Amino acid sequence: MVRYVYDFTEGGRDMADLLGGKGSNLAEMTRLGLPVPPGFTLTTEACRAFLETGSEPAGLWREVSAHLAALEASAGRSLGQPDDPLLLSVRSGAKFSMPGMMETILDIGLNDDSVLGLAKVSGSERFAWDSYRRLVQMFGSTVMGVDSSRFERSLALLKTLRGVQDDVRLTASDLAELVETYKNLIHLETGDHFPQSPAEQLRRAVMAVFESWNGERARLYRRREHIADDLGTAVNVQRMVFGNLGSDSGSGVAFTRDPATGRPGLYGDYLPDAQGEDVVAGIRNTVPLAELERLDATSYDGLRTHMRTLERHYRDLCDIEFTIERGTLWMLQTRVGKRTAEAAFVLAAALADEGLITPDEALDRVSGDGLARLMFPRFDTDSTGTALAHGVPASPGAAVGAAVFDSAQAVRRAAAGEKVVLVRQETTPDDLPGMIAAQAVLTSRGGKTSHAAVVARGMGKVCVCGAEELTVDTEARRFTAADGTVIREGTIVSVDGSAGAVYAGPVPLVDSAVIRYLEEGSGDGGSQYVVDAVARALARADTVRRLEVRANADTPEDAERARRFGAQGIGLCRTEHMFLGERRELVEQMILAGTDAEREKALADLLPLQRQDFVAILEAMDGLPVTIRLLDPPLHEFLPDPTELAVRIASAQARGEDPDAHDAELLSAVNRMHEENPMLGLRGVRLGLVVPGLVAMQVQAIGEAVGERLLAGGTPKAEIMVPLVGDVRELRLVREEVQRVLAEVSRAAGVALDCPIGTMIELPRAALTAGRIAEEAEFFSFGTNDLTQTTWGFSRDDVEAEFFSAYLDKGVFSTSPFETLDREGVGRLVGIAVAEGRAVRPDLRIGVCGEHGGDPDSVHFFHTAGLDYVSCSPFRVPVARLEAGRAALEGTEGSDSR
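How each quantity is defined
Residues numbered from 1 in each chain as written. Predicted model: local features only at pLDDT ≥ 70, side-chain atom pairs only at ≥ 80, totals over all residues. Heavy atoms only, no water. Helix = DSSP H or I, 4+ residues; strand = E, 2+ residues; numbered from the N terminus. Rg over C-alpha atoms; globule rule 2.2 N^0.38 Å. Buried < 20%, exposed > 50% of the residue type's maximum accessible area, 1.4 Å probe, protein only. Contact = heavy atoms within 4.5 Å. Areas by Shrake-Rupley, 256 points an atom, 1.4 Å probe, with all protein chains shown as cover. Lys, Arg positive; Asp, Glu negative; His and termini not counted. Charge placed at Lys NZ, Arg CZ, Asp CG, Glu CD. Phe/Tyr/Trp six-rings, centres within 6.5 Å; stacked < 30°, edge-to-face > 60°. Pairing = 2+ DSSP bridges. Axes fitted to C-alpha atoms, helices over the stretch in contact; angles between N-to-C directions. Core = buried A, V, L, I, M, F, W, Y, C linked by side-chain atoms within 4.5 Å. Salt bridge = Lys/Arg side-chain N within 4 Å of Asp/Glu carboxyl O. Expected span 1.5 Å × (residues − 1). Patch = residues over 30% accessible without salt bridge, like charges linked within 9 Å, V, L, I, M, F, W, Y side chains within 5 Å. Polar contact = N/O pair within 3.5 Å; in protein donor to acceptor, adjacent residues only side chain to side chain.

(A) Representation of the overall build of the protein within the structure. Scanning the protein from N- to C-terminus turns up 36 helices and 31 strands. In summary, the protein has a C-alpha radius of gyration of 33 Å against a globular reference of 29 Å for 898 residues, a match within 12%. Projected onto the principal axes, the alpha-carbon positions of the protein cover approximately 105 × 70 × 55 Å. Each of the 898 residues in the protein was classed as buried or not, and the buried ones make up 57%. At a minimum sequence separation of 6, the contacts of the protein that also span at least 24 residues come to 69%. Put simply, the protein shows about 35,800 Å² of open surface, and 49% of that area lies on carbon and sulfur atoms. Seen as two clouds, the 94 positive and the 134 negative side-chain charges of the protein have centres 3 Å apart.

(B) Region of the structure containing the packing of aromatic side chains. For the structure on display, the rule yields 20 aromatic pairs. With a centroid separation of 6.0 Å and an interplanar angle of 0°, the aromatic rings of Tyr270 and Phe322 are classed as stacked. Residue Tyr270 is located in strand E7 (residues 264-272), and its partner Phe322 is located in strand E9 (residues 318-325); the two are separated by 52 residues in the primary sequence. With 5.7 Å between their ring centres and 70° between their planes, Phe861 and Phe862 make a pair best called edge-to-face.

(C) Up close: the sheet that holds strand E25 (residues 570-574). With parallel pairing, the eight strands of this closed barrel are ordered in space as E24-E25-E26-E27-E28-E29-E30-E31. Going across the sheet, the axis of each strand differs from the next one's by a mean of 30°, ignoring polarity. As defined by bridge partners, strand E28 (residues 757-761) adjoins strand E29 (residues 779-782) across three bridges and the pair is classed as parallel. Paired with Met760 across the two strands is Ser781, which belongs to E29.

(D) The nonpolar core, seen in detail. In terms of nonpolar packing, the biggest core is built from 133 residues, with Phe345, Leu371, Phe780, Phe782, Leu867 and Leu882 touching the most fellow members. Setting aside residues up to four positions removed in sequence, Phe782 forms contacts with Ile761, Leu787, Val830, Ala833, Val834, Ile846, Gly847, Val848, Cys849, Gly850 and Leu867. Tyr4, Cys47, Val455 and Cys465 belong to the second largest nonpolar core, which has 87 residues in total.

(E) How the structure looks around helix H18 (residues 451-459). With eight of nine residues buried, H18 lies mostly within the body of the structure. Every buried residue of H18 is listed here: His451, Ala452, Ala453, Val454, Val455, Ala456, Arg457 and Met459. Positioned one or two residues after H18, Gly460 has a phi angle of 70°, which is positive.

(F) Seen up close, the pairing of strand E10 (residues 328-336). Taking burial as the measure, the nine residues of E10 include seven buried ones, the bulk of the element. Here eight bridges tie E9 to E10, and the two strands are oriented antiparallel to one another. Each bridged residue has a counterpart across the sheet, and for Asp319 the counterpart in E10 is Arg335. Joining the antiparallel neighbours E9 and E10 is a turn of two residues, in which Arg326 adopts a positive phi near 50°.

(G) Structural context of the pattern of salt bridges. By the definition in use, this model includes 65 salt bridges. With a shortest N-O distance of 2.8 Å, Asp316 and Arg339 are connected by a salt bridge. With a gap of 23 residues between them, Asp316 in the loop between helix H12 (297-314) and E9 and Arg339 in the loop between E10 and helix H13 (341-353) connect regions that are remote in the sequence. Judged on exposure class, the residue Asp316 and its partner Arg339 are both buried. Of the charged contacts in the structure, one is a salt bridge between Arg561 and Glu519, with a shortest N-O distance of 2.6 Å. Note that Arg561 is positioned in helix H21 (residues 556-564) and Glu519 in helix H19 (residues 513-520), a separation of 42 residues in sequence. Members of the salt-bridge network, linked through shared partners, are Glu548, Arg550, Glu719, Arg838, Arg845 and Asp868.

(H) Inspection of helix H3 (residues 60-75) at higher detail. With 16 residues, H3 should reach 22 Å at 1.5 Å per residue; the first-to-last C-alpha distance of 23 Å fits that figure. For H3, every residue scored as buried is listed here: Leu60, Trp61, Glu63, Val64, His67, Leu68, Leu71 and Glu72. The secondary structure elements touched by the buried residues of H3 are strand E1 (5-7), strand E2 (39-42), helix H2 (44-53), strand E3 (88-94) and helix H8 (198-212).

(I) Layout of the pairing of strand E30 (residues 845-848). Both E29 and E30 contribute to a ladder of four bridges, which runs parallel. In the strand pairing of E30, Phe782 is matched with Val848. For E30 and strand E31 (residues 869-872), the ladder comprises two bridges, and the chain directions are parallel. Bridging from a neighbouring strand, Gly847 pairs with Tyr869 of E31.

(J) Focus on a nonpolar patch on the surface. On the surface, Leu682, Leu689, Val690 and Leu733 cluster together into a nonpolar patch covering about 340 Å² of accessible area. If you trace the backbone, Leu689 turns up in helix H26 (residues 685-690). Judged by relative accessible area, Leu689 falls into the partly exposed class, the value being 39%.

(K) Focus on the sheet that holds strand E14 (residues 398-404). Taken together, the eight strands give an open sheet; going across it, the order is E12-E22-E21-E14-E15-E16-E17-E13, and neighbouring strands pair in mixed fashion. Of all the strands in the sheet, the pair left with one neighbour each is strand E12 (389-390) and strand E13 (392-395).

(L) Quick look at the environment of Gly460. Looking at the element boundaries, Gly460 is found in the loop between H18 and strand E17 (462-465). For Gly460 and Thr309, which are 151 residues apart along the polypeptide, the C-alpha to C-alpha distance reads 28 Å. With residues up to four places along the chain from it excluded, the contact list for Gly460 reads Arg373 and Ser395.

(M) Fine view of the side chain of Lys461. By the secondary structure assignment, Lys461 is in the loop between H18 and E17. For the buried Lys461, which has no salt bridge, the nearest side chain bearing the opposite charge is Glu225, at an N-O separation of 9.2 Å. For Lys461, the side chain forms a polar contact with the main-chain oxygen of Ala438, separated by 2.8 Å. Filtering out sequence-adjacent residues up to four positions away, Lys461 remains in contact with Arg224, Ser395, Met435, Ile436, Ala438, Gln439, Ala440, Val441 and Ala456.

(N) Representation of unusual backbone geometry. For Arg315, which is not glycine, the phi dihedral falls at a positive 55°. On the basis of relative accessible area, Arg315 is assigned to the partly exposed category, the value being 26%. A positive phi angle, near 60°, is found at Arg477, a position not held by glycine. One can find Arg477 in the loop between strand E18 (471-473) and strand E19 (478-480). Residue Arg477 is classed as partly exposed on the basis of its relative accessible area of 26%.

If you want it as structure tokens, here you go:
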């Protein structure tokens with residue numbers, strides 16, 4: 001028989017699949033002997049069963065009732081009893097943290113009778129009515145579907161009528177009046193009454209939490225964070241403890257280290273006379289956690305002890321929620337804390353130094369995505385001027401965009417291609433779409449543990465919270481700084497998430513400290529500790545990785561930068577880029593040639609230019625392989641736009657002049673070469689087979705460049721790659737010509753030329769016939785951009801704009817197949833090609849040179865698939881190095897894949 005409910009004393013941190021992250025960690029803290037209010041967890045299996053059928057699974061409520069009875073017995077009180085009620089919280093808790101994305105209901109068990117008993121037993125009438133109004137508000141919005149803003153407006157109106165700004169200044173009678181207002185609002189909106197039965201409250205609250213798994217914001221968050229939709233959430237039912245009992249009570253959120261920087265110390269926020277949701281929501285500005293030492297030294301010392309226990313037990317940064325009820329400390333939650341990219345690297349290095357984790361575990365706890373964020377530019381502090389305001393540096397980075405004041409506007413403007421900054425007094429889970437769309441988030445309330453801060457850090461989004469100098473007026477769509485400056489919607493602002501500063505207008509950007517380290521080999525000042533941590537992670541990755549990392553580079557400058565960034569060669573040198581600019585005229589001559597002699601002259605004129613390009617790149621990469629791809633794009637791409645030519649000709653005719661003869665000739669050539677689908681037309685190997693002399697000229701340039709470098713004492717390692725091969729006979733024909741030309745150059749130069757000849761695998765037919773192609777190819781390189789297009793039947797330039805957003809919204813894609821490799825389809829073709837190619841040629845070198853070569857998830861796939869190297873843009877080389885190291889750790893002892 002399936003079991004659906006577990007007491008906190010029965011679980012542990014290794015049961016997150018079943019009990020969710022929150023439930024398993026509550027059980028773990030209970031096992032450690034920490035002060036955790038007792039309770040029980042309804043499993044993710046119960047949620048999945050409910051979502052599949054729309055009703056609770058058989059036997060679930062019998063188990064809940066049994067655990068509730070045990071909880072009541074231990075408390076000596078029953079749920080909602082009139083004279084001294086046991087009150088419960090009902091909270092979601094999925095396997096992976098989804099902060100604020102699902103529902104929470106507090107104070108279950110209060111009704112019109114038990115609120116009076118709570119007032120009497122607590123000695124605080126105000127506390128009792130404050131707890132009751134929280135329940136009615138949460139239950140009304142979460143369970144009964146009333147728009148939460150209706151409750152908020154009622155509360156705001158009451159505060160205005162009473163002339164107060166903070167909730168804590170409302171009296172008990174004020175709050176009792178508010179409860180009635182809320183109940184009437186529920187009846188007006190739903191036609192139903194707020195339930196007075198505590199048992200009904202509990203049952204409906206549990207089902208509402210289950211249902212919230214499929215809520216819009218939860219689905220959006222899972223899509224953003226790549227969390228599976230079929231996991232479901234657990235539900236934690238726990239005895240309430242109260243932080244809103246007066247000045248000797250309060251709630252807070254703490255981190256065992258700074259989640260923004262990774263540096264040691266006690267970090268967090270505390271709010272006296274408040275419940276936990278007040279802290280996270282940011283509706284009142286908190287005080288630093290250190291202030292708790294002055295307010296309640298005993299609880300502060302106890303909290304520090306528990307935090308040390310948890311960090312050493314979890315061997316990681318811990319995020320902790322706690323409540324103090326009249327001087328008694330209670331631990332309500334812990335989890336491995338979300339952190340910025342900077343903090344991830346610094347923390348991993350520090351924990352390794354402290355002996356809590358191994359060097360391999362330290363590598364596994366950082367990521368290529370995080371490293372990429374650290375490589376982003378930052379603001380030039382010498383050019384920032386005076387800040388409009390300062391707040392809490394909640395999530396680092398630099399962002400510039402137009403100020404917008406609601407989530408929907410952020411989404412609309414971002415969809416139109418505009419960069420925006422979402423400005424709010426505080427964010428709520430409903431703001432998630434706007435937070436995703438925005439470049440940065442700015443709030444006037446809240447601290448490092450507010451909703452905005454926690455979610456932004458998890459997404460790597462720039463964020464400044466608690467900028468109290470700003471008066472944010474979302475209705476008027478503007479904010480006002482302390483000096484009177486008014487920023488209206490659409491005005492450009494700059495947000496510095498590292499310094500916690502906000503500026504009017506755009507601020508210039510400069511290279512990050514990590515980029516300067518990669519370029520120059522040294523860090524600077526306050527960023528040195530981050531640079532050191534990154535350097536250690538990269539060094540460890542280079543030690544353990546099997547995959548080589550090369551770069552896609554077409555110029556000596558790119559090649560030199562790639563080498564500084566750690567590239568072990570060039571995996572793709574695109575020769576077509578060498579035909580642009582001033583050389584386009586020679587290419588035009590080759591295309592327009594009417595005779596063999598004219599074409600041969602144009603190719604002869606291109607030869608020395610192409611040779612010098614190769615000499616410079618081979619010199620920059622001396623001793624390392626350089627894979628040179630022969631001309632790939634269709635020739636019409638080197639000709640002017642036909643519309644532009646037609647306009648020039650028509651304009652001349654309109655003026656009564658004869659059109660330029662060259663323009664007319666070019667237009668005729670463009671029209672003659674027109675193809676309905678040029679990316680599947682005359683390009684790649686097909687050009688080499690039908691345009692006489694083209695392959696010979698390029699190979700001669702390569703061979704002469706290699707010979708020149710050899711004679712100069714260099715160690716050139718050129719490889720010649722034939723693009724878009726679909727049949728082995730195509731490659732055989734080109735290979736014969738390449739070998740003939742290389743032999744001629746070798747004889748003329750008096751040096752031996754060893755240039756391996758291989759092909760790109762970028763067509764499904766090439767992948768499916770890789771065994772035959774390997775008979776002629778000494779290496780394969782997967783062109784995953786075109787392989788993705790031809791496998792899916794997509795024209796990338798068209799489909800990304802036309803329907804990719806709809807496919808992402810509908811769940812057809814979890815990510816774009818052009819960003820992260822489609823493992824099921826394209827990946828299967830890669831696997832077939834690798835297996836069949838090496839079956840014929842066991843020493844076949846295989847790499848990838850599409851954009852996927854720098855994508856972290858794809859790098860892991862290529863490692864598993866048995867490739868020898870990945871190749872990516874120079875700026876992605878460090879990312880690929882790091883992920884290649886992490887990929888090598890997967891499945892090995894000591895890896896901490898969380």
